[in-house]
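Structural description and commentary
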Amino acid sequence: MQRSYVAELAAPGHKVPVRACVDEPSQPIWLFPSVGEYPVYGDFVYDVMLADERRMSRYTRAVRRFAPGRTVLDIGTGQDAVWALAAARAGARHVWAVEVIPKSARIARKNIEQAGFADRITVVEGLSTKVELPERVDMCVSEIIGTLGGSEGAGPVLRDARERLVKPGGMFIPHRSVTTAVALDLGSATGGEPPGFPPAAFGFVEEIFAAVGRPFDLRVCLAGLQDVPKVRERSYLSGAVEVEPLEFNGDLRPEGVDTAELTFTRPGSFSGLALGMRLWVAEDDVPIDSLFEWSNWTPVYAALSEEGLPVRPGDRFAFEFTTTMSDDGVHPDYALTGELHRGSGPAVPLRWDSAHHPDGFRESFFHRWMFPEA
Ligand SMILES: C[S@@+](CC[C@H](N)C(=O)[O-])C[C@H]1O[C@@H](n2cnc3c(N)ncnc32)[C@H](O)[C@@H]1O
């Protein structure tokens, strides 16, 4: 059966051809857009987050531990208001639950009323960086960690909360996040079958294009990569390194340049990086690690070489990872520049750009492949 084909998406003003794959469980890897930074949420995305057992248990434990007797700000409460309700049930004095998506805020209000907590949780509709609260709170809980740690704006949003909405010295859940990177052999991950978007993903790509107002080179995840140890073992060519550290209870710097070096531990064809995140919900927690265990955070693909570059153990990829704020002041633009060092040959320069809402469309070989010209 043919597993990959070209379909059409509705983008503002016109149709866009898209590389598609059939929806079937035997598909090892498929493409899915990174949705949280636009933000494109609905029942499906919220339900996947609620099904993420590790995320749920780490957050519930931290909220129960720190919320009793405190006033709480829940940034991005979502339609289920999970942390606002957990805080109120644990004995928080009052919870301010802020949500930017109007429909999600409406549903959250209804869920809070039904749970009998309307007197202790106030839902505030809007972007946390724009809203005012009648009091500064003792603590802030949020889950606005992206597929790359900071991609949903956790850095600037939580820095703003610290400056305006939380009492000096107030505490933050989560405690810390980083973005992680491993060297990837995409062909080994997919078993030689180039990945496509399953039809179930089309609507999300369309919503992201609609949110920005045009098709553009969006950030894309490799679903299926993190879940199966066999897939990781044959496609990860190195261990992981950390960049973009975000210290929510410390010196929080949303922008910066990090240097890192990956050493290849296996032979293979180096096509790019799988980028993920590690998240310490509480300071003393084992971090959630999206490159090495199933979670609702799916690894992003940073495509670096179309054909793949042969590598051997001991070869190195040294790179700079730059985070700057996009013009919306909240969502970062990312750029990665590096050099592949192999044996005695010349260094090979490689580059990946992933702005939040870049002007260009089909600027990279990978985007030209995903969205072929008609
Ligand atoms: C990853 S979901 C988390 C939902 C819920 N708190 C949970 O953990 O299950 C992030 C939510 O935060 C909202 N959001 C993101 N940034 C926000 C901000 N600065 N102010 C208000 N809402 C925000 C999104 O619309 C989305 O509903």
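Nothing here was measured: the structure is a model prediction, and the numbers come from that model. (Residues numbered from 1 in each chain as written. Predicted model: local features only at pLDDT ≥ 70, side-chain atom pairs only at ≥ 80, totals over all residues. Heavy atoms only, no water.)

1. A look at the packing of aromatic side chains
Aromatic ring pairs: the centre-centre distance and the angle between the two ring planes describe each pair. In plain terms, the rule: Classification of ring pairs uses Phe, Tyr and Trp, with its six-membered ring standing for Trp, and accepts pairs whose centres are within 6.5 Å; under 30 degrees between planes counts as stacked, over 60 as edge-to-face, and the remaining range as tilted. Counting from the N terminus, the helices are DSSP H or I runs at least four residues long and the strands are E runs at least two residues long. Sitting over a ring, as applied to charges here, requires NZ of Lys or CZ of Arg to be within 6 Å of the ring centre and within 35 degrees of the ring normal.
What the rule picks out here adds up to 16 aromatic pairs. Seen from their ring centres, Phe-32 and Phe-204 are 5.2 Å apart, and the 50° between their planes marks the pair as tilted. Residue Phe-32 is found in strand β3 (residues 30–33), and its partner Phe-204 is found in helix α7 (residues 199–212); the two are separated by 172 residues along the sequence. One aromatic cluster is present, built from ring pairs that chain together Tyr-38, Phe-197, Phe-209, Phe-216, Phe-361 and Phe-371. The positively charged end of Arg-19 is found above the aromatic ring belonging to Trp-369, 4.4 Å away from the centroid. If you follow Arg-176 out to its NZ or CZ, it ends over the ring of Trp-280, 4.8 Å from the centre.

2. Some words on the packing of helix α2 (residues 53–66) against helix α3 (residues 82–90)
Counted only if it meets this: Every angle, taken between N-to-C directions, lies between 0 and 180 degrees, and every axis is a line fitted to C-alpha atoms, over only the stretch in contact when it is a helix. Throughout, a crossing is termed right-handed when the near helix is turned clockwise from the far one, and left-handed when it is turned anticlockwise from it by less than a right angle. The contact criterion used throughout is that any non-hydrogen atoms of two residues lie within 4.5 Å. In this classification, the charged set is Asp, Glu, Lys and Arg, the nonpolar set is Ala, Val, Leu, Ile, Met, Phe, Trp, Tyr, Cys and Pro, and all remaining amino acids, among them Gly, are polar.
Following both chains from N to C, one finds α2 and α3 inclined at 35°, their axes separated by 9 Å at the closest point. The element α2 and its partner α3 pack so that their crossing is right-handed. Of the residues in α3, those touching α2 at Arg-55, Met-56, Tyr-59, Thr-60, Val-63 and Arg-64 are Val-82, Trp-83, Ala-86, Ala-87 and Ala-90. In the contact of α2 with α3, the residues fall into eight nonpolar, one polar and two charged.

3. Comments concerning the pattern of salt bridges
Quick note on the threshold: By definition, a salt bridge exists where a carboxyl oxygen of Asp or Glu is found within 4 Å of a side-chain nitrogen of Lys or Arg. Using a 1.4 Å probe on the protein chains alone, a residue whose accessible area is under 20% of its type maximum counts as buried, one over 50% counts as exposed, and one in between counts as partly exposed.
Counted by the stated rule, this structure contains 16 salt bridges. When the shortest N-O distance is used, the salt bridge between Arg-54 and Glu-293 registers 3.7 Å. Highlighted residues: Arg-54 in helix α2 and Glu-293 in the loop between β15 (288–289) and β16 (300–303), separated in sequence by 239 residues. Overall, Arg-54 belongs to the partly exposed group, its relative accessible area being 32%.

4. Digging into the site of the ligand
The criterion, for reference: The criterion for a residue being near a molecule or strand is simple. One of its heavy atoms has to lie within 4 Å of it. Distance and chemistry together define a polar contact, namely a pair of N or O atoms within 3.5 Å, with one atom able to donate a hydrogen and the other to accept it when in protein, and with adjacent residues in sequence counting only for side-chain atoms on both sides. Per-residue and other accessible areas follow the Shrake-Rupley method at a 1.4 Å probe size, with only the shown protein chains counted as cover for residues.
Lining the immediate environment of the ligand, one finds 20 residues, of which Tyr-46, Arg-55, Gly-76, Trp-83 and Glu-99 sit closest. Within the backbone of Thr-77, an N or O atom sits 3.4 Å from a nitrogen atom of the ligand. About the coverage of the ligand: the protein hides 97% of its 590 Å² of free accessible area. Going through the elements one at a time, α1 (43–50), α3 and β5 (94–99) are the ones with two or more residues in the shell around the ligand. Classifying every residue of the shell around the ligand by side-chain character gives 12 nonpolar, five polar and three charged.

5. Section: the environment of Pro-174
Positionally, Pro-174 belongs in the loop between β8 (166–173) and β9 (176–184). Taking the relative accessible area as the measure of exposure, Pro-174 reaches 1% and is therefore buried. Through-space distance from the C-alpha of Pro-174 to that of Phe-361 is 35 Å; in sequence the pair is 187 residues apart. Those residues in contact with Pro-174, other than ones at most four positions away along the chain, are Tyr-59, Ser-142, Ile-145, Phe-248, Asn-249, Leu-279, Trp-280 and Val-281.

Coordinates in, geometry out; function isn't part of it.
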